[in-house]
Amino acid sequence: MLSHEKNRDKWADYYMSRVDQEGFPKYLYFTALQAYEKEDLKTAEAQLDKTLRKDLADQPRSFVIK
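> Would you mind going over the overall build of the chain with me for this structure?
Across its full length, the chain holds five helices and zero strands. Traced from its N-terminal end to its C-terminal end, the chain shows the element sequence α-α-α-α-α. A buried classification covers 24% of the 66 residues belonging to the chain. Summarising the internal contacts of the chain: among those between residues at least 6 apart in sequence, 39% fall at separations of at least 24. As displayed, the chain has an accessible area near 5,500 Å², and 51% of this comes from carbon and sulfur atoms.

> What am I meant to see in the confidence of the model for the chain here?
Detailed reading of the predicted coordinates is not advisable wherever pLDDT is low. Across the chain, pLDDT averages 79, with 76% of residues at or above 70. The spread of mean pLDDT over the elements of the chain runs between helix 5 (residues 61-65), the lowest at 58, and helix 4 (residues 41-53), the highest at 92.

> What is the right way to look at the environment of Leu 33 in this model?
Counting through the fold element by element, Leu 33 comes out in helix 3 (residues 25-37). For the pair Leu 33 and Ala 44, spaced eleven residues apart in sequence, the C-alpha to C-alpha distance is 6.7 Å.

> Quick question: what am I supposed to make of the side chain of Gln 47 here?
Mapping Gln 47 onto the fold places it in helix 4. In this structure Gln 47 comes out as buried when scored by relative accessible area, which is 12%. Aside from chain neighbours lying at most four places away, what touches Gln 47 is Leu 28, Thr 31 and Ala 32.

> Would you explain the packing of helix 3 against helix 4 in this entry?
Packed helices, taken two at a time, are described by their axes: the angle between them and the distance between them. Closest axis-to-axis distance for the helix 3/helix 4 pair is 8 Å, and the angle between their directions is 165°. When the axes of helix 3 and helix 4 are compared, the pair comes out roughly antiparallel. Helix 4 is crossed by helix 3, and the crossing has left-handed handedness. Facing helix 3, whose interface residues are Pro 25, Leu 28, Tyr 29, Thr 31, Ala 32, Ala 35 and Tyr 36, helix 4 presents Leu 41, Thr 43, Ala 44, Gln 47, Leu 48, Lys 50 and Thr 51. Along the lines of polarity and charge, the residues of the contact of helix 3 with helix 4 split into nine nonpolar, four polar and one charged.

What counts, and where the lines are drawn
Residues numbered from 1 in each chain as written. Predicted model: local features only at pLDDT ≥ 70, side-chain atom pairs only at ≥ 80, totals over all residues. Heavy atoms only, no water. Helix = DSSP H or I, 4+ residues; strand = E, 2+ residues; numbered from the N terminus. Buried < 20%, exposed > 50% of the residue type's maximum accessible area, 1.4 Å probe, protein only. Contact = heavy atoms within 4.5 Å. Areas by Shrake-Rupley, 256 points an atom, 1.4 Å probe, with all protein chains shown as cover. pLDDT = per-residue confidence, 0-100. Axes fitted to C-alpha atoms, helices over the stretch in contact; angles between N-to-C directions. Parallel < 35°, antiparallel > 145°, perpendicular 65-115°, else oblique. Left-handed = near helix turned anticlockwise from the far one by under 90°. Nonpolar A, V, L, I, M, F, W, Y, C, P; charged D, E, K, R; others polar.

In C-alpha cells, the structure reads:
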C-alpha cells in the first residue's frame, strides 16, 4: 500500500502478485478502498463483506480496529 501511495507501481504490483489475494484480509481491505476511491461502491461493498467474513482474531490488532 505504501509503494502504491508513493507511485512505485512496479514494487506494489510485484508485492501484490505474491500475496494470497483471496485469503489475506489486508489485501481484500485494500482492494475495497481502491474500489471506493473509484466510486465503485458495489465492488467495495463486496470486498468489505469478504474481509469481514474472515477470521480476524489472528490478525494484528491495528488492522482489526480499522
